[in-house]
Amino acid sequence: MYVLGIETSCDETAASIVKDGRKILSSAVTSSLKFHQKYGGVIPEIAFRMQLETISQVVDSAVKESGVRRQDIKLVSVTDRPGLAGSLFVGISFAKAVSLCLGIPLIEVNHLHAHIYANFLGDNNVARFPFIALVVSGGHTSLFYIRDFDKIEALGSTLDDACGEAFDKVAKILGLGYPGGPYIEKLARNSGKGRINFRCSGTDSPLDFSFSGIKTAVMYYARKNNPLTRKSVSNIAASFQDSAINVLIEKSLLACKLKRVKEVVVGGGVAANTKLKEEFFRQAKARGIKVYFPSKELCMDNAAMVAGLAYQLFKKGGCTQC
Ligand code: KG4
Ligand code: ZN
């Protein structure tokens, strides 16, 4: 079954054709990122306008690249939450129009659940239910207990900044580019182990997160030690990254223990961080827990994860507009 996926929840405009929930036949992604860079964050109005201009072209190119005829697409799917209101509106409206024009059902999916599903695309070995999922992106940091694709229980989330947002803000404090994750990762790699004791704040519920305090600690440290040398910037980047990564791993493994499961999947933009992946594998292995990460491309926002998840939900009868 060929499914068209559409994703417009943040700055990306993405479309993809996926066969039977696993095989990606095409994945087109454009981004308005370069227009947001000078602001150090996504400006909703700019994102929305670019999406309005590009959506039709992006969907067309995904369909063309897949080699699938329009009449053979049997389901259309779109991200309907969470995200920027205007951006979501563009994708949802377009998907509804496709559904009406082609006379095919529409399924709306949750962006965070789609990030988890990125682990089920392609030919890789996949996690078995039930498992724990950590979604760690620019807008979200959440832990879930997954009994099935339509049986997802939220266990905890960030009380303030998302982890990716903290990477972006720390990068801004250090005068690096946007998005900050890849810049921090690169500097941290050159620096080795961080030597400053930045810590993430504690939370009442052990499976919630808080990244706002550590970001402020970095800001005060940078001010106090101004002007920063190159070496000092790398040391700050590595120290912040080590602490952020440790808290993500520690809470995910705690969730495994509390729910008595032996598998954990990770998704979202921050999952592209190699240090996070290596350290996660190392610590999980020591506790007999299996970890799954998507390929770097599929960690980022894309529409293949939307189409894949929609296929699974459709098989379970979860149709929005039939
Ligand atoms: O999932 P995503 O593409 O968009 C959202 O749904 O938010 O995630 C984007 C976030 C940004 O905050 C970016 O800094 C972060 O993912 N990111 C990284 C890395 N690559 C992207 N964070 C840490 N290390 C990376 N290598
Ligand atoms: Zn995302």
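Above this text is the structure in question.
Rules used in this analysis
Residues numbered from 1 in each chain as written. Chains lettered and ligands numbered in written order. Predicted model: local features only at pLDDT ≥ 70, side-chain atom pairs only at ≥ 80, totals over all residues. Heavy atoms only, no water. Helix = DSSP H or I, 4+ residues; strand = E, 2+ residues; numbered from the N terminus. Buried < 20%, exposed > 50% of the residue type's maximum accessible area, 1.4 Å probe, protein only. Donors = N, O, S within 2.8 Å, 3.2 Å for Na, K, Ca; no water. Near = heavy atom within 4 Å. Polar contact = N/O pair within 3.5 Å; in protein donor to acceptor, adjacent residues only side chain to side chain. Areas by Shrake-Rupley, 256 points an atom, 1.4 Å probe, with all protein chains shown as cover. 1 Å grid on protein atoms, 1.4 Å probe; cavity = no way out; pocket = protein on both sides within 12 Å on 5 of 7 lines; lining within 4 Å. Sits in = over half its atoms within 2 Å of the grid points.

Asker: Looking at this model, I keep getting lost on the environment of I43. Mind explaining?
Answerer: Relative to the assigned elements, I43 resides in the loop between α1 (33-36) and α2 (44-66). A relative accessible area of 28% means that I43 is categorised as partly exposed. Distance from I43 to V270, taken between C-alpha atoms, is 20 Å for residues 227 residues apart in sequence.

Asker: Could you clarify how one ought to interpret the coordination of the zinc ion (ligand 2) in this entry?
Answerer: For a metal with four donors in a tetrahedral arrangement, the ideal angle between donors is 109.5 degrees, while six donors in an octahedron ideally sit at 90 or 180 degrees. For the zinc ion (ligand 2), the protein coordination sphere consists of H111 (NE2), H115 (NE2) and D301 (OD), at 2.0 to 2.1 Å. In the primary structure, the donors to the zinc ion (ligand 2) are separated according to the pattern H-x3-H-x185-D. Here the residue H115 occupies a position in helix α4 (residues 111-117), and D301 occupies one in the loop between α10 (296-299) and α11 (304-315), the gap between them amounting to 186 residues. Classification of H115 as buried rests on a relative accessible area of 1%.

Asker: Please explain the site of ligand 1 as it appears in this structure.
Answerer: The environment of ligand 1 is formed by 20 residues, the closest being G138, D168, E185, G269 and N273. Here a nitrogen atom of ligand 1 and a side-chain polar atom of E185 are 2.7 Å apart. Note that an oxygen atom of ligand 1 is positioned 3.0 Å from one of the backbone N or O atoms of G269. Burial of ligand 1 by the protein amounts to 91% of the accessible area it has alone, namely 550 Å². Spatially, ligand 1 is embedded in the largest pocket. The greatest single-element share of the shell around ligand 1, amounting to 4 residues, is contributed by helix α6 (residues 180-191).

Asker: How do you make sense of unusual backbone geometry when you look at a structure like this?
Answerer: Leaving glycine aside, a negative phi is the common case for residues, and trans is the common case for peptide bonds. Of note, the amide linkage connecting R81 to P82 takes the cis form, showing an omega dihedral of -25°. Here P82 lies in the loop between β4 (73-81) and α3 (85-102). A cis amide bond, omega -10°, links F129 with the succeeding residue P130. At D20, a residue that is not glycine, the phi angle is positive and equals roughly 50°. Residue position: D20 is located in the loop between β2 (12-19) and β3 (23-31).

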